[in-house]
Amino acid sequence: FGSSRCQTLTRPCPLILRSVSMPAAAAADLIWECVKGNNSFIRKSLNMPVMSAEPGNLCGLSSKKFSGLTGGKAFDLSVKKTGLKETIVLTTRNKKGSRAQKPGAMLVETGIKKNAKKGLAQVAKATVGALYRRDLQELAEKKYAKV
């Protein structure tokens with residue numbers, strides 16, 4: 001308490017008593033630099049590009065653009081099989097910021113229709129309509145056609 005700015009002990013010192021809050025999330029670039037060489041989702045093979053099995057990665061490539069771990073917005077189309085039934089699932093990041101610290105609730109899975117016209121409309125609405133990863137719309141449409 002030896003600061004000259006705090007004259008009396010009756011009023012709180014603004015330098016010592018600060019509001020304690022949660023630390024801010026690290027920047028996406030910093031997180032990518034930390035996990036790009038080593039993480040549990042990387043799949044390496046000889047004479048092949050480095051692949052990634054992380055949820056939220058549309059192309060399966062280990063790159064910052066497609067990563068569902070580091071970017072603020074994950075986007076993926078996949079097939080989920082339950083018994084004999086197959087469903088097409090769109091995976092995105094949860095909109096609530098509080099869910100970012102809960103790995104189980106971080107991603108949201110939404111069912112997509114199998115009818116080509118309706119399914120493509122849903123993918124377009126999720127990307128361009130919601131202003132969410134518009135750069136991946138064309139790739140998502142191609143992957144939907146393959147799935």
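Below is a summary of the structure that appears in this document.

**Here we look at the overall build of the chain**
Okay, so step 1: Scanning the chain for helices and strands turns up three helices and five strands.
Okay, so step 2: The secondary structure elements of the chain, listed N-terminal to C-terminal, are α-β-β-β-β-β-α-α.
Okay, so step 3: Relative to its full complement of 147 residues, the chain shows a buried share of 24%.
Okay, so step 4: Restricting the contact set of the chain to residue pairs at least 6 apart, pairs at least 24 apart contribute 36%.
Okay, so step 5: Surface accessibility of the chain: about 10600 Å² in total, with carbon and sulfur atoms responsible for 58%.

**A closer look at the packing of helix H2 (residues 116-129) against helix H3 (residues 137-146)**
Okay, so step 1: The interhelical angle for the contact between H2 and H3, taken along N-to-C directions, is 155°, at an axis separation of 10 Å. Judged by the angle between their axes, H2 and H3 are roughly antiparallel. For the crossing formed where H2 meets H3, the hand is right-handed. Where H2 abuts H3, its residues Ala 116, Gly 119, Leu 120, Val 123, Ala 124, Thr 127 and Val 128 lie against Gln 137, Ala 140, Glu 141 and Tyr 144.

**Some remarks on the pattern of salt bridges**
Okay, so step 1: Taken as a whole, this structure holds six salt bridges when the rule is applied.
Okay, so step 2: A salt bridge links Asp 29 to Lys 64, with the nearest nitrogen and oxygen atoms 2.4 Å apart. Linking Asp 29 in helix H1 (residues 28-35) with Lys 64 in the loop between strand S2 (51-52) and strand S3 (75-82), this pair joins segments that are 35 residues apart in sequence.
Okay, so step 3: A relative accessible area of 46% places Asp 29 in the partly exposed class.
Okay, so step 4: The exposure class assigned to Lys 64 is partly exposed, which follows from its relative accessible area of 39%.

**Some thoughts on the sheet that holds S3**
Okay, so step 1: Pairing is antiparallel in the open sheet, where three strands are placed in the order S3-S4-S5. Looking along the sheet, the strands with just one partner apiece sit at the ends: S3 and strand S5 (107-112). Between one strand axis and the next, the sheet turns through 35° on average, direction left out of account.
Okay, so step 2: Seen against the sheet, H3 touches S3, strand S4 (85-93) and S5 and runs at an angle of roughly 20° to S3.

**Quick word on the nonpolar core**
Okay, so step 1: The biggest cluster of nonpolar side chains holds 13 residues, and the ones touching the most others in it are Leu 58, Phe 75, Leu 77, Leu 90, Ile 112 and Ala 140.
Okay, so step 2: Those elements giving two or more residues to this core turn out to be S3, S4, H2 and H3.
Okay, so step 3: Apart from residues no more than four positions distant in its own chain, Leu 58 is found in contact with Phe 66, Phe 75, Asp 76, Leu 77, Leu 136, Leu 139, Ala 140 and Lys 143.

**Quick notes on the packing of aromatic side chains**
Okay, so step 1: The final tally for this structure, using the stated rule, is one aromatic pair.
Okay, so step 2: Their ring planes at 50° and their centres at 6.5 Å tell us that Phe 75 and Tyr 132 sit as a pair that is tilted. Within this pair, whereas Phe 75 is found in strand S3, its partner Tyr 132 is found in the loop between H2 and H3, the two being separated by 57 residues in sequence. For the residue pair Phe 75 and Tyr 132, the accessibility class agrees, reading buried in each case.

Reading the values: rules and limits
Residues numbered from 1 in each chain as written. Predicted model: local features only at pLDDT ≥ 70, side-chain atom pairs only at ≥ 80, totals over all residues. Heavy atoms only, no water. Helix = DSSP H or I, 4+ residues; strand = E, 2+ residues; numbered from the N terminus. Buried < 20%, exposed > 50% of the residue type's maximum accessible area, 1.4 Å probe, protein only. Contact = heavy atoms within 4.5 Å. Areas by Shrake-Rupley, 256 points an atom, 1.4 Å probe, with all protein chains shown as cover. Axes fitted to C-alpha atoms, helices over the stretch in contact; angles between N-to-C directions. Parallel < 35°, antiparallel > 145°, perpendicular 65-115°, else oblique. Left-handed = near helix turned anticlockwise from the far one by under 90°. Salt bridge = Lys/Arg side-chain N within 4 Å of Asp/Glu carboxyl O. Pairing = 2+ DSSP bridges. Core = buried A, V, L, I, M, F, W, Y, C linked by side-chain atoms within 4.5 Å. Phe/Tyr/Trp six-rings, centres within 6.5 Å; stacked < 30°, edge-to-face > 60°.

Purely geometric numbers; function is a separate question.
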